[in-house]
Structure formats: structure tokens, C-alpha cells
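# Structural characterization, general
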Amino acid sequence: MHSFSIHLVAEIKKITRDEIHNHNDEIEATMLEDFYQFIQNHQDCYWLHWNMSNINFGFETIEHRYRVLTEKQPPKVEDSKKHNLSSIITEKFGKKSFDLPRMPSIMACNGGPHRDNLIGAEEAEAFKRKEYLKLHKSTMAKVYFFQSIYQKVQSNKLKTIRSNLPAKLNRLVESLPSKLLALVAVLYSVWQLSYSAYTTIEPQNKEIDSEQVTETNKKINKD
């Protein structure tokens, strides 16, 4: 776990919790410098996220904030290396497999939320109250949740509220055994067509050969 947070930077800078709000931009800039140094050192990695897909909430938001505070360009995370866990779950299990909002619904079905987990409104309130450690623990709880859920998705062990038959059928059709079975069926159909064509042509050839023999015999007898 690599964590980046305001209160950790404040501790390093010897800024007390009650004084953080007076140095917020300075602390945030340092935190983002650390974060983008981490990104720079891991350009070959893939990034699993939860709906961080636009300027309102996502990588673009962090990039914009970094430019504002440091007047520098951040290292780029290529879109091809960003993978939305929420979209992965929707594509694999169907849109109706969980209630909305999807994250707490998935948590409820798969062991329940961690004791340190806070919902969005609770996190905002914790920030206002300067409960930075509580907020930090909530962030880490979500990261562990993402890791656990991704492993369950990969092993097909994720529990859903309701099954989605179309999604299951699609996964079945796309599976390797189904593709191999389809290939065998195609090869068998080709063989059947070839055999049918052969059995149709063979009698015709025999009939032609018989007519040729008869004509030959007639000529011989005539001679």
C-alpha cells in the first residue's frame, strides 16, 4: 500500500492538525508532487480505479489541481492503461446485478463494508472536522475493497444481488469450450456437405461409366 495524504505531509513539515487549513495549498502541492513522482516511476503499470473518468471526478481533476498548485505539467497516465473496476463489473455481470449506488451494494453482498469505510458525505464531514486520520483509513479501506473485489471478479466468485441471464449467456458463448464446440460443429457441417456432394456425384459417374461400357460393347459386337 502506497498512500498519499495531507496529514502525512503535514507531519513531515511539522505542521499541526489545527494549522493544516492555513497551509493547505502548500501541503497539497507536496502531496501531489509525491504522487506524480510515484506515477513517473510506474509508467509500465495499469491503473485500476472507480469511475475516475472525467474532469469532475477523476485523473483529469488531479492533473488540473497539480498544474494550478505547481505550474508544472504532470506525468501522463495513458488512457489505455486506465481500467474502471465499476465498468468491468457491469460488463461482466450486467447493469442490474447490483443496486445503485453500486459500490455500497457490492460491499453489502461481499462481506459488508470495512469498519473504517465512510460514504461520500461522511468523508466530507470528516474533512471539515479535521479528522484526517479517519479519512485516511477510509481511503485505505476502499483500496483493499477494490483489490478484493477485483480478485473475486477474476475468479468468478463475486456475489451479486440478482443474476443476469443475458450476461451469463454472453460469457458462455465467449468461453473457450464454446468456441471449440462451435469450431467442431463447423468442421462437421463441412464434412457432411462434402460427403453429400460425393455420394451424389458417385452414382452419376457410375451411370455414365455404365453407358460408356454399353456403347463400347455395341460397337465391338457390330464390328
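Procedures and definitions
Residues numbered from 1 in each chain as written. Predicted model: local features only at pLDDT ≥ 70, side-chain atom pairs only at ≥ 80, totals over all residues. Heavy atoms only, no water. Axes fitted to C-alpha atoms, helices over the stretch in contact; angles between N-to-C directions. Helix = DSSP H or I, 4+ residues; strand = E, 2+ residues; numbered from the N terminus. Parallel < 35°, antiparallel > 145°, perpendicular 65-115°, else oblique. Left-handed = near helix turned anticlockwise from the far one by under 90°. Contact = heavy atoms within 4.5 Å. Nonpolar A, V, L, I, M, F, W, Y, C, P; charged D, E, K, R; others polar. Core = buried A, V, L, I, M, F, W, Y, C linked by side-chain atoms within 4.5 Å. Buried < 20%, exposed > 50% of the residue type's maximum accessible area, 1.4 Å probe, protein only. Expected span 1.5 Å × (residues − 1). Salt bridge = Lys/Arg side-chain N within 4 Å of Asp/Glu carboxyl O. Patch = residues over 30% accessible without salt bridge, like charges linked within 9 Å, V, L, I, M, F, W, Y side chains within 5 Å. Areas by Shrake-Rupley, 256 points an atom, 1.4 Å probe, with all protein chains shown as cover.

It is worth spelling out the packing of helix 4 (residues 85-93) against helix 7 (residues 132-154) at this point. Across the interface, helix 4 lies against helix 7 with an axial gap of 11 Å and an inter-helix angle of 25°. Between helix 4 and helix 7, the interaxial angle falls into the category roughly parallel. Like other packed secondary-structure pairs, helix 4 and helix 7 cross with a definite hand, here left-handed. For the pair helix 4 and helix 7, contact is made by Leu85, Ile88, Ile89, Lys92 and Phe93 and by Phe146, Ile149, Tyr150 and Val153, respectively. Looking at the contact of helix 4 with helix 7, its residues break down into 8 nonpolar, no polar and 1 charged.

Next up on the list: the nonpolar core. Nonpolar side chains in soluble globular proteins tend to end up buried together. Formed by 17 residues in total, the largest nonpolar core has its most connected members in Ile20, Ile27, Ile39 and Trp47. For this core, the elements supplying multiple residues, two or more each, are helix 1 (6-12), helix 2 (24-40) and helix 3 (59-70). When residues of this core are assigned to their parent elements, the largest contribution, 7 residues, is made by helix 2. Setting aside residues no more than four positions away along its own chain, Ile20 makes contact with Ile6, His7, Ala10, Ile15, Ile27 and Tyr132. Leu85, Phe98, Ile106 and Val153 belong to the second largest nonpolar core, which has 13 residues in total.

Along its 23 residues, helix 7 runs 33 Å from first to last C-alpha, staying within 8% of the 33 Å computed at 1.5 Å per residue. Inspection of helix 7 places Tyr132, Leu135, His136, Ser138, Ala141, Lys142, Phe145, Phe146, Ile149 and Val153 among the buried residues, and these make up the whole buried set. On its buried face, helix 7 is in contact with helix 1, helix 4, helix 5 (102-109) and helix 6 (120-128).

Note that side chains of opposite charge can pair when their charged atoms are close. In the structure shown here, the tally under the stated rule is 11 salt bridges. As a salt-bridge pair, Glu63 and Arg67 come within 3.9 Å of each other at their nearest N and O atoms. Within this pair, Glu63 and its partner Arg67 are both found in helix 3, separated by 4 residues, close to a single helical turn. Taking relative accessible area as the criterion, Glu63 reaches 5% and is therefore assigned buried. Bridged by salt links that share partners, the residues Asp25, Glu28 and Arg65 form one connected network.

On the surface, a cluster of nonpolar side chains totalling about 300 Å² of accessible area is made up of Met1, Val143 and Tyr144. Looking at the element boundaries, Tyr144 is found in helix 7.

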